Amino acid sequence: MTDNTITTPRTPWYDHMEGIPTHLEYFEGTMFEAVELIATKYPNKVAFDFMGKSTTYKRLVDEVHACAKSLKTLGVREGDKVTIAMPNCPQAIFMFYAVNLIGAIANMIHPLSAEKEIEFYLNESESITAITLDQFYHKFEKIRARTTIVNIIIASIKDELSKPVKVGYMMTEGRKQEKIPKDAPVIRWNDFIKMSKACFYNYRVTRKPEDPAVILYSGGTTGTTKGIVLTNLNFNALGKQVIAANPMFEPGDKMLAAMPLFHGFGLGVCIHTMLMSGGRCILVPRFTPESYAKLITKYKCNFIAGVPTLYEALLRIPSMNGKDLSHLKGVFSGGDSLSIELKKKLDAFLKEHHGSIQVREGYGTTETVTACCLTPPSKAKEGSIGIPFPDTYIKIVEPDTDKELPYGEEGEILLAGPTVMKEYMDKPEETAKTLRTHADGLTWVYTGDLGYMDDEGFIYFRGRSKRMIVSSGYNIYPGQIENILDANDYVQMSCVIGIPDEIKMQAVKAFVMLKPKVPATDAMKEVLMNYCKEHIAKYAIPKEIEFREELPKTLVGKVAYRVLEEEEAAKRAEAN
């Protein structure tokens, strides 16, 4: 390095991060082969728990093979797309790895997606087979004729429950579900599995680490929905990196898998990382803060992962009073920026409940499966999202260029390493904009995120470039204002957006969720406005404050700032 200009990528991990290697060796096989290998080592260990019922690694592998044979019997071939629209439940796990075993590609979507969204995902991926739960059948049936789907497989939660739990389920949740016609053109899960007996030929397909394996969806840097094509290596490398970055992990450790399967965080970290490493997943099919809190203590989970809004809710659960959390080895926050104030509250909460650790923030994008950067266990810096995983590189450049910036200077965050996606599905131009090979020979993901790196390699996230508010020529970052508002004693959570302003081009508007029993009055607005004047630069002070009982959330639990932007735009259009 000369004159504070960086000429080569930083070494990902440093000698002072004791016990964490710089480089790793990665499994040269498929995702299922990685799990199958660990199952030969720990056949009788529990792979996952679901609503009180445990499944061993041996049973997991056996079910995957049966499911793979059935898929082959249905005519699913190498390279075909199979849509999985399921919550975190056993059949979803079996199907995911079975699709991988026969060389097909898993198209992961949220089961609560709207009909039009499901139609888009099915057609975009050209899926020929789909699996969903009985309660979502009618959505699929309504759009089926307008898609390429040949077979719809219908699973039911009750089929994977123990007898006592099944009785209770059928008397409560089961009664609410709309019945599926007996002559519906679907294949029930149990009938589907029986089809495995008709498979007498080789169903196992040899696939390479770099072959496509999974499609996840993201708005990407342009905001339009794109299918992100990820490989076997991407997921296996992530699993190896996560475990390397957590040397306290031991086979048999329990991860609370509440993050959904259709999201890289849930699928990559909470499920695949655990199952390829001998861990134990506690599957959560329907998340509520109350169920989350209950399962942490019931199973004495060792690792939990979630988005900031999940942890914010956890702080308010009365049932956590007096609970012992000394069994926790790792608490990870990702998927959205964790404010400094919320981190302080969470760390205090863990200490009060006998936890010996602090929250570790991570960062990543779906274009790299999920996390590629994490606060190390031995060292944290306030406001930092940590340092890159082994073999992962991060550099900061002038936005949309390859000009690397000095330490401490803000720019666009670029990522490179073994978890970088293969491509955006059928979008070569978008792929070329996002994946660019530099003179250093590495292919970099242009994230569209803003941040900087300090001289020890720690990364600081400043927000999405597209969320930046430009007011009278000043750059305003919503996340910074949200941090300040969230630190106020009256505020539970906030979300900041830009609104049109005739003089300034854009002004700041803050949506605020007050703490329980705090009155949402004009007097309280004045209190918060005075607080803002004390803590925020004049040009960045909110022009408006609006109180909300709840803030809208995305399907993965982030605060949906786009929803608020759309509401504001509609309101102004109506006024004009």
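Each remark here, short or long, concerns the structure printed above.
(A) Layout of the overall build of the chain. Along the chain, the regular secondary structure elements total 17 helices and 27 strands. Against the compact-globule benchmark of 25 Å for 576 residues, the chain has a radius of gyration of 24 Å, which places it among compact chains. Seen along its three principal axes, the alpha-carbon backbone of the chain occupies a region of about 70 × 55 × 50 Å. With 576 residues in all, the chain has 58% of them scored as buried. In the chain, the proportion of contacts linking residues at least 24 apart, taken out of those at least 6 apart, comes to 69%. For the chain, the accessible surface area stands at approximately 24,700 Å², while carbon and sulfur atoms represent 52% of it. Each charge sign in the chain was given a centre, from 70 positive and 73 negative side chains, and these centres are 7 Å apart.

(B) Summary view of the packing of helix α9 (residues 232-244) against helix α10 (residues 264-275). Contact geometry for α9 and α10: axes closest at 9 Å, N-to-C directions at 85 degrees. By the angle between their axes, α9 is roughly perpendicular relative to α10. Residue-level inspection shows F235, N236, L238, G239, V242 and I243 of α9 in contact with α10, the latter providing L267, G268, V269, H272, T273 and M274. Residue composition of the contact of α9 with α10, by class: 7 nonpolar, 5 polar and no charged.

(C) Local environment of the state of the cysteines. Taken as a whole and assessed by the stated rule, the structure comprises 0 disulfides. C281 takes part in no disulfide bond, and the closest cysteine sulfur to it belongs to C270, at a distance of 7.9 Å. With no disulfide partner, C495 has as its closest neighbouring cysteine sulfur the one in C532, 14 Å distant. On the basis of relative accessibility, which here comes to 2%, the residue C495 falls in the buried class.

(D) Geometry of the side chain of H110. Within the secondary structure, H110 sits in the loop between β4 (105-108) and α4 (115-125). Accessibility expressed as a relative area gives 10% for H110, which makes it buried. Within the local environment of H110, its side chain forms a polar contact with the backbone nitrogen of L112, the two atoms lying 2.9 Å apart. Residue contacts for H110: discarding those within four places in its chain leaves F262 and L555.

(E) How the structure looks around the packing of aromatic side chains. Per the stated rule, a full pass over the model turns up 9 aromatic pairs. Ring centres 6.1 Å apart and planes at 40 degrees place the aromatic pair F249 and F303 in the tilted group. Separated by 54 residues along the polypeptide, F249 in the loop between α9 and β10 (254-257) and F303 in strand β12 (residues 303-306) bring together distant segments of the chain. Both residues of the pair, F249 and F303, count as buried. Relative to F332, the ring of F303 lies with its centre 6.1 Å away and its plane at 5 degrees, an arrangement referred to as stacked.

(F) Structural view of the sheet that holds strand β11 (residues 280-283). Ordered in space as β2-β1-β11-β10-β12-β13-β14-β15-β16, the 9 strands form an open sheet in which the pairing is mixed. Since the sheet does not close on itself, it has two edges, and those belong to β2 (53-56) and β16 (387-388), each with one partner. Direction of pairing for strand β1 (residues 46-50) relative to β11: parallel, over a ladder of 3 bridges. Of the residues in β11, the one forming a bridge with F48 is C281. Sitting on the sheet, α10 touches β1, β10, β11 and β12, and the angle it makes with β10 is about 155 degrees.

(G) Representation of the sheet that holds strand β6 (residues 151-155) within the structure. Spatial ordering of the open sheet is given by β7-β6-β5-β3-β4-β8-β9-β19, a layout of 8 strands whose pairing is mixed. One side of each edge strand has no neighbouring strand; the edge strands of this open sheet are β7 (187-188) and β19 (423-424). Relative to strand β8 (residues 212-218), β4 runs parallel, the two being bridged by 2 bridges. Opposite A106, over in β8, you have V214 as the bridge partner. Strands in contact with helix α3 (residues 90-101) are β3 (81-85), β4, β5 (129-133), β6 and β8; relative to β4, the strand with the most contacts, it is inclined by about 140 degrees. Sheet contacts for α9: β8 and β9 (226-231); angle to β9, the most-contacted strand, approximately 70 degrees.

(H) Summary view of α3. For α3, spanning 12 residues, the distance from its first C-alpha to its last is 17 Å, which sits close to the expected 16 Å at 1.5 Å a residue. Counted residue by residue, α3 has 12 buried out of 12 residues, so it is predominantly covered. Positioned one or two residues after α3, G103 has a phi angle of 80 degrees, which is positive.

(I) Local environment of the nonpolar core. Within the largest apolar cluster, 126 residues are counted, with the highest numbers of intra-cluster contacts made by L60, M95, Y97, M108, W189 and L275. Looking at which element gives the most residues to this core, the answer is α3, with 9 residues. If near-sequence neighbours (up to four positions away) are discounted, L60 is found in contact with V35, A47, F48, T55, I93, F94 and L275.

(J) Spotlight on the pairing of strand β21 (residues 443-453). For β21, a buried count of 9 out of 11 residues is recorded, marking the element as mostly surrounded by other parts of the structure. Summarising the sheet, strand β18 (residues 411-416) and β21 pair through 4 bridges and their orientation is antiparallel. Its bridge partner lying in β21, L415 is registered against V445. Note: strand β20 (residues 435-437) against β21, 3 bridges, orientation antiparallel. Bridge pairing in β21 places T437 opposite T443. Between β20 and β21, which pair antiparallel one after the other, the connecting turn spans 5 residues, and G441 there sits at a positive phi close to 85 degrees. When β21 meets strand β22 (residues 459-464), the two strands line up antiparallel, connected through 5 bridges. Across the sheet, the residue bridging to Y452 is Y460, located in β22. Counting the residues that bridge the hairpin from β21 to β22 gives 5 residues, and of these G457 lies at a positive phi of roughly 90 degrees.

The rules behind these values
- Residues numbered from 1 in each chain as written.
- Predicted model: local features only at pLDDT ≥ 70, side-chain atom pairs only at ≥ 80, totals over all residues.
- Heavy atoms only, no water.
- Helix = DSSP H or I, 4+ residues; strand = E, 2+ residues; numbered from the N terminus.
- Rg over C-alpha atoms; globule rule 2.2 N^0.38 Å.
- Buried < 20%, exposed > 50% of the residue type's maximum accessible area, 1.4 Å probe, protein only.
- Contact = heavy atoms within 4.5 Å.
- Areas by Shrake-Rupley, 256 points an atom, 1.4 Å probe, with all protein chains shown as cover.
- Lys, Arg positive; Asp, Glu negative; His and termini not counted.
- Charge placed at Lys NZ, Arg CZ, Asp CG, Glu CD.
- Axes fitted to C-alpha atoms, helices over the stretch in contact; angles between N-to-C directions.
- Parallel < 35°, antiparallel > 145°, perpendicular 65-115°, else oblique.
- Nonpolar A, V, L, I, M, F, W, Y, C, P; charged D, E, K, R; others polar.
- Disulfide = S-S within 2.5 Å.
- Polar contact = N/O pair within 3.5 Å; in protein donor to acceptor, adjacent residues only side chain to side chain.
- Phe/Tyr/Trp six-rings, centres within 6.5 Å; stacked < 30°, edge-to-face > 60°.
- Pairing = 2+ DSSP bridges.
- Expected span 1.5 Å × (residues − 1).
- Core = buried A, V, L, I, M, F, W, Y, C linked by side-chain atoms within 4.5 Å.

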